[in-house]
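# Structural features, examined
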Amino acid sequence: MGMAASQARLLSITARLSDNEMKQQTLTYSKQRLSDNSAQINDQYLEALSKTKYQVLTGYNGVEACYADVSYNNLTGLNSVATGAQYLVKDNSGKVLVSSKLAEAFKKGNGDFNKFLASLGLTQANIDVTNPNAKDQIHNAWDEYLASVGQGINNYNGLHLLDFGYQTFGNKNADDMYNGYPTYDVAYQIQGNDAISVYKDNEGYYTLLTGISSAYDENGNVYCYVMSGNKQTRLENVHYDTETKKYTYKNDDNEAYYTISEEDGSKIWKEFDMLYVNPNNTNHISSDNRNHYRGVDSGEYADEAGNTVTIIETSKALNYEGTTTAQRELYDYAVAITEAYYNNNNRTTTYDAQQVGYYKNIFNQMATCGFITAEEAFKLTPEDANTKLKDANWFVSQLKAGKLTLSYYSTADKAFKGTTLDSDASIVEKEDKSAIAIAEQEYNSKMDKIEHQDKQFDLELNRLESEHNALQTEYDSVKKVISKNVSNSFKTFT
């Protein structure tokens, strides 16, 4: 029985030795894996140390330059770049990438820059209606536009818009056929079956039968002409003396018929009712013969002689007649300041030259190239689109993948010019300190964990080694006992 017990004990020790060695081998492999993980973590950390990101200069805090990551919002916002450059982003089809707010404002404007601005709470009307020169500002704006499209004020019966019943965007009633467009009023004097154009001033309606005015010719000389309706007939026998500043009308025999000075505006010219100095130009004279009609009954008017006529008013749209962006801008500006004048500056919108210029550039590009929102371009929800437009990593990846393109507004060329992240002077590639800090924190955390696990493995290996030595000693002792018992047994049987 002693022999059998010793053999059982030997087998048990052998099994435990084998298990011990297996555990030591497993721990050794685990330590090797920790070493591999440590090398990988170190490589990742070194890679993070060299990581960079694109940033744009946004301003200065004293003498210290301040930068922001190049996201869509940071780059395209008003005054977001310290150099003052305005950036524009397009998709790879050439459409302008805009926020849903701008897209909605453009749709509401329906191609009208003034309405587009109004949706954003802005106006381009830089006019002070209390200024005595406010009317001149409006006259000049319309003259500039009319000249740009090859027209003149005579297209409107010689009167400026302020003088013939300008209406703000057809606001007489909601069913007005011109609702949504600027209009002006014209009137007709009805006599039997004939309709004669009449005009309106502070005194009532009138007919402009004939008139005389003066102007400069191409050589800078003053000449006079007769106006009958819209027809101009030059009078060669009216002369202006620059020294005496007097106008002289001569008869057919070239004899002086009548002379009048600029200052003597109340004299009666025998051929016309009145001769007076044009208030807009002291070197010019103007005369007209007006037959006024004043209201006597509903819809009926009478002149000084008591002749009764019917006056009918109607509206005409003041349509845009141009074809270029510059002409459209002149038209929109003239409309804006005229609107403000008639509304007596009573408006809820704000004039800000910088914002108006910023949005004008965007509006013109949207009108020319079309536009698209991030929701439409990338199939995003409004919430996701809002997040993406703030995300620098997303924006840069889209630019590098060619899904978006970048351009800036050149004040010299008055146009947007293409640019890239790596070639643009306002954009720099800087060390990503934020990413480095995060990587360093992760590196220290992972390495601490590895070192802790390595220490635990070492402790376990030491314990197993001690156990292995004890088992080996016991194994050797039992083996000797068995060997001695076997030897004694052979001696006894022998």
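Residues numbered from 1 in each chain as written. Predicted model: local features only at pLDDT ≥ 70, side-chain atom pairs only at ≥ 80, totals over all residues. Heavy atoms only, no water.

### A word on the overall build of the chain
For clarity, the threshold we go by: Secondary structure elements are taken from DSSP: a helix is a run of H or I of four residues or more, a strand is a run of E of two residues or more, and numbering for both begins at the N terminus. The buried label applies to any residue whose accessible area, calculated with a 1.4 Å probe on protein chains only, is under 20% of its type's maximum; exposed applies above 50%, and partly exposed to all values in between. Every residue pair with non-hydrogen atoms within 4.5 Å of one another is taken to be in contact. Accessible surface is estimated by sampling points in the Shrake-Rupley manner with a 1.4 Å probe; for residues, cover comes only from the protein chains shown.
When its secondary structure is counted, the chain shows eleven helices and 23 strands. Taking all 494 residues of the chain together, the buried fraction comes to 37%. When contacts within the chain are restricted to residue pairs at least 6 apart in sequence, long-range pairs at least 24 apart make up 59% of them. Accessible area for the chain stands at about 28,900 Å²; split by element, carbon and sulfur atoms hold 47% of it.

### Brief notes about the packing of aromatic side chains
Aromatic ring pairs are defined here through the distance separating the ring centres and the angle between the ring planes. What counts here: Pairing of aromatic rings covers Phe, Tyr and the six-membered ring of Trp, with a centre-to-centre limit of 6.5 Å; geometry is then stacked below 30 degrees between planes, edge-to-face above 60, and tilted otherwise.
All told, the structure shown has 16 aromatic pairs when counted by the stated rule. When the centroid spacing of 6.3 Å and the interplanar angle of 70° are considered together, the rings of F106 and F116 count as edge-to-face. Of this pair, F106 sits in helix α3 (residues 100-109) while F116 sits in helix α4 (residues 113-119); the two residues are ten residues apart in sequence, bridging distant segments of the chain. Under the relative-accessibility criterion, F116 is labelled buried at 0%. Each ring, one from W142 and one from Y145, has its centre 6.0 Å from the other, and the planes form 75°; the classification is edge-to-face. Taken together, the residues W142 and Y145, both in helix α5 (residues 134-148) and three residues apart, mark about one turn of the helix. With respect to class, W142 is no different from Y145; both count as buried.

### Things to note about the nonpolar core
Let me state the cut-off plainly: Residue types Ala, Val, Leu, Ile, Met, Phe, Trp, Tyr and Cys, when buried and joined through side-chain atoms within 4.5 Å, form a set referred to as a nonpolar core.
If you look at the biggest cluster of nonpolar residues, it comprises 21 residues, and the most contacted ones within it are V70, L75 and F395. Within the residue set of this core, elements represented by two or more residues are β1 (52-61), α2 (72-76), β3 (87-91), α9 (382-390), α10 (392-400) and β21 (404-410). It is α10 that provides the largest number of residues to this core, a total of four residues. In this structure F395 touches V70, S71, Y72, L75, V89 and L404, once residues within four positions along its chain are discounted. One finds Y358, I362, F363 and M366 within the second-largest nonpolar core, a separate group that totals 20 residues.

### Some details on unusual backbone geometry
The phi torsion at K379 lies on the positive side, around 55°, for a residue other than glycine. In this fold, K379 is placed in the loop between α8 (374-378) and α9. In this structure, K414 takes a positive phi of about 50° despite not being glycine. By the secondary structure assignment, K414 is in the loop between β21 and β22 (415-419). Overall, K414 belongs to the exposed group, its relative accessible area being 66%.

### Some points on the environment of N393
Topologically, N393 is positioned in helix α10. Residues N393 and V70, 323 residues apart in the sequence, show an inter-C-alpha distance of 8.4 Å.

### Some thoughts on the confidence of the model for the chain
Heads up, the rule is: A score between 0 and 100, pLDDT records how confident the predictor is in each residue.
Here the chain averages 75 in pLDDT, while 68% of its residues score no lower than 70. Here residues 172-178 scores under 50 on pLDDT; set against residues more than four positions off or in separate chains, the count is 13 contacts. A low-confidence stretch, residues 256-283 stays under pLDDT 50, and its non-local contacts, those more than four residues away or across chains, total 66 contacts.

### Concerning helix α6 (residues 325-342)
The cut-off we apply is this: Here the expected span of a helix is defined as 1.5 Å times the quantity of residues minus one.
Here α6 spans 26 Å end to end across 18 residues, near enough to the 26 Å set by a 1.5 Å rise per residue. In the stretch just after α6, N344 is the one whose phi turns positive, near 55°.

### Let's talk about the pattern of salt bridges
Stated precisely, the cut-off is as follows: A pairing counts as a salt bridge when a side-chain nitrogen of Lys or Arg comes within 4 Å of a carboxyl oxygen of Asp or Glu.
Taken as a whole and assessed by the stated rule, the structure comprises two salt bridges. Among the ionic pairs, D413 bridges to K417, the shortest N-O distance being 3.4 Å. Judged by relative accessible area, which is 45%, D413 ranks as partly exposed.

### Digging into α5
Counted only if it meets this: Regarding the arc, it is the one traced by the directions from the helix axis to the C-beta atoms.
For α5, with 15 residues, the first-to-last C-alpha span of 22 Å sits near the 21 Å given by 1.5 Å per residue. All of the buried residues in α5 are A134, I138, H139, A141, W142, Y145 and L146. Projection of α5 onto a plane perpendicular to its axis shows the buried side chains occupying an angular sector of 160°, all on one side. Among the residues trailing α5, G150 stands out with phi positive, at a value near 75°.

### A word on the environment of I337
Positionally, I337 belongs in helix α6. Considering only alpha carbons, one finds I337 and N126, 211 residues apart in sequence, at a separation of 6.9 Å. With sequence-adjacent residues up to four places away left out, I337 is seen in contact with A125, N126, I127, Q137, I138 and A141.

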